[in-house]
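# Topology and contacts: notes
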Amino acid sequence: MKNMNLPECPVVFNSEHHTYHLNDKQLSGVTAIIKWLFPDTYAGIPESVLMRAADYGTLIHSKCELFDSMGIVPSDVTIAETVEEYHKLLVKAGLEVAYSEYLVSDNQAIASSIDKVFTDDSLGDIKTTSQVHEANVTLQLSIYAYLYELQTGRKANKLYLIWLPKPQYGTPMVKELQRIPSEVCQYVVECYVAGGDKLSAVSALVNYLPTENIHKRVKGEIPDGVHVIVDELMMVKQQLDELTAREKELKKQVLEAMQGVGEDTWSNDLIQISRKAAYERESIDTKTLKADHPDLYEQYKKITKVSESLTYKLL
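Okay, so let's go over this structure. (Residues numbered from 1 in each chain as written. Predicted model: local features only at pLDDT ≥ 70, side-chain atom pairs only at ≥ 80, totals over all residues. Heavy atoms only, no water.)

Attention now moves to the overall build of the protein chain. Looking only at helices and strands, the protein chain features nine helices and 10 strands. Relative to a compact globule of 315 residues, whose C-alpha radius of gyration would be 20 Å, the protein chain shows 29 Å and is clearly more extended. For the protein chain, the spread of C-alpha atoms along the three principal axes comes to 85 × 50 × 45 Å. Here the protein chain holds 315 residues, and the buried ones make up 34% of them. (Helix = DSSP H or I, 4+ residues; strand = E, 2+ residues; numbered from the N terminus. Rg over C-alpha atoms; globule rule 2.2 N^0.38 Å. Buried < 20%, exposed > 50% of the residue type's maximum accessible area, 1.4 Å probe, protein only.)

Within this structure, the stated rule accounts for zero disulfides. No disulfide involves Cys191; its sulfur sits 12 Å from the nearest other cysteine sulfur, which is in Cys185. Taking relative accessible area as the criterion, Cys191 reaches 6% and is therefore assigned buried. (Disulfide = S-S within 2.5 Å.)

With that settled, consider the side chain of Gln151. Among the structural elements, Gln151 can be located in helix 4 (residues 134-152). Since its relative accessible area comes to 17%, Gln151 is described here as buried. Within the structure, Gln151 has its side chain in polar contact with the side chain of Tyr102 (distance 3.0 Å). Look past the residues within four positions of Gln151 in its chain and what remains in contact with it is Pro7, Cys9, Tyr102, Leu103, Val104 and Ser105. (Polar contact = N/O pair within 3.5 Å; in protein donor to acceptor, adjacent residues only side chain to side chain. Contact = heavy atoms within 4.5 Å.)

Here Ser48 lies in helix 2 (residues 47-70). Judged by relative accessible area, which is 43%, Ser48 ranks as partly exposed. Separated by 181 residues in sequence, Ser48 and Ile229 place their C-alpha atoms 9.9 Å apart.

This part takes up the packing of helix 1 (residues 30-37) against helix 5 (residues 182-193). The geometry of helix 1 relative to helix 5 is characterised by a closest axis approach of 11 Å and an angle of 80° between their N-to-C directions. Our classification of the angle between helix 1 and helix 5 gives roughly perpendicular. Mapping the contact onto sequence places Ala32, Ile33, Trp36 and Leu37 in helix 1 and Val188, Val189, Cys191 and Tyr192 in helix 5. (Axes fitted to C-alpha atoms, helices over the stretch in contact; angles between N-to-C directions. Parallel < 35°, antiparallel > 145°, perpendicular 65-115°, else oblique.)

For the rest of this paragraph, the subject is the nonpolar core. Of all hydrophobic cores here, the largest spans 41 residues; its most connected members are Val117, Leu123, Ile143 and Tyr148. A per-element tally of this core places helix 4 first, with 10 residues. Apart from the residues lying within four places of it in its own chain, the contact partners of Tyr148 are Met4, Leu6, Tyr102, Val104, Ile114, Val117, Asp121, Leu123, Gly153, Arg154 and Ala156. Counting residues in hydrophobic clusters, the runner-up holds 16 residues, among them Tyr56, Ile60, Leu90 and Phe118. (Core = buried A, V, L, I, M, F, W, Y, C linked by side-chain atoms within 4.5 Å.)

Right, dumping it as structure tokens:
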């Protein structure tokens, strides 16, 4: 990673609280402006689920930064594959990282850290979400470029989205985004800082924002935003399967132990264990009964309303 001797920002970033301060004044982050303009991006998703998705994103960011600075590949196989793919994408695009998390500000109202500054003054932002909202990222990187030029006096070159999704959601990619002019970005920032004239900000942006996401949903595909819930569901299912298999093995061992001493019950202050003798269970073959004696089947059948439910399986 090469150092370009870019000027250091006077703003202080508190990583624990994710706040920016210049002396005694707290500044706003660029992500707050994005959320202000696009409030429905993750509408309806529980905060706890969003936090877990954010934690995963933070992990990938930190591992990519560690690789850029020291060439260290993570020990976790899945994370390592993501980091290696990230490196391959940058090499293919001819991009070399000069700075990670480069802090920029207008020293008045806003500040943010740019994920990647490349040696040719191009800027990059890493996303790990299941779907990328291209309009959001385009505005985010364009404001970064505006602040970068304001702070460094250098011309920002190209803007790159670096998409590193989990394997089930797509193929990692680097995509160049069309920059929104600095004067438009400045106006949007001023609207936000002045108290939130969203209509004016949107009107200024309407001719510059892309209208479609990079990954367009097709019918039957899991909608954007629900992916984080499905991720948790898959994780819970895997844990349940592992616990169920372990429970089966432990019950087998305890049963064998009880058989060995010829006892039917064991207990302590926390658990009571009962050994059930083998038995034969009777049941009615309803399919055969319906075929051979349909009148009898209709006479004794019972209808029970079943609520709508969900079924799923891991592939």
